[in-house]
Amino acid sequence: QVQLVESGGGLVEAGGSLRLPCAGSGTPFSRYSMDWFRQAPGKGREFVAAFSWSGGNTYYADTVKGRFTITRENAKNTVYLQMSSLKPEDTTVYYCAAASGTVGTVPVIAYWGQGTQVTVSS
C-alpha cells in the first residue's frame, strides 16, 4: 500500500554532508512514524533515526547524534535524513521505513524502501 524510494546516496569525503530523501506513494506519510536504518554487508540492521507520528518527536542512535537530522514534510510525502560530519564508519546502505507502531521502544516496520548506498572516503 506504501512504496518508499530512497535517493541521494553516493560517494562523499570524510567530513562532508549528504541529504537522503525518501519519497513515498500510496497512503500518506502522516499515518506512520518514519525511520531510517542502515545495514552493512554481514552485519545486522542498525537503527539510525526516527520521527514519530503521534508527537512529532525525533530519536537518534548514539553513533549519529549531533551529526544526523531527520525531518519530514508530510505534504510532500517525503522524509529526509540530513547527514553531516560524515565518517568512513558511516559507509553502508541506508533504508527508510514506515512504522505503524512500536513494541516498547522498538518500531514495528510496515514498509521498507529499497535502500541507497552511502560511501564515505577517507
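All values derive from a computational prediction rather than experimental measurement.

Participant: Explain a nonpolar patch on the surface to me, and be specific about the residues and the numbers.
Facilitator: Residues Val103, Val106 and Val108 make up a contiguous nonpolar surface patch of roughly 240 Å² in combined accessible area. Structurally, Val108 can be placed in strand 10 (residues 106-112). A relative accessible area of 34% means that Val108 is categorised as partly exposed.

Participant: How would you explain the sheet that holds strand 1 (residues 2-6) if you had to name every residue and give the values?
Facilitator: With respect to topology, four strands assemble into an open sheet ordered 1-3-8-7, the strand pairing being antiparallel. Two strands bound the open sheet, and with one partner strand each, they are strand 1 and strand 7 (68-73). Neighbour to neighbour, the strand axes of the sheet diverge by 15° on average, direction disregarded. Pairing of strand 7 with strand 8 (residues 78-83) involves six bridges; the strand directions are antiparallel. Across the sheet, residue Glu73 finds its bridge partner in strand 8, namely Thr78.

Analysis parameters
- Residues numbered from 1 in each chain as written.
- Predicted model: local features only at pLDDT ≥ 70, side-chain atom pairs only at ≥ 80, totals over all residues.
- Heavy atoms only, no water.
- Patch = residues over 30% accessible without salt bridge, like charges linked within 9 Å, V, L, I, M, F, W, Y side chains within 5 Å.
- Areas by Shrake-Rupley, 256 points an atom, 1.4 Å probe, with all protein chains shown as cover.
- Salt bridge = Lys/Arg side-chain N within 4 Å of Asp/Glu carboxyl O.
- Helix = DSSP H or I, 4+ residues; strand = E, 2+ residues; numbered from the N terminus.
- Buried < 20%, exposed > 50% of the residue type's maximum accessible area, 1.4 Å probe, protein only.
- Pairing = 2+ DSSP bridges.
- Axes fitted to C-alpha atoms, helices over the stretch in contact; angles between N-to-C directions.

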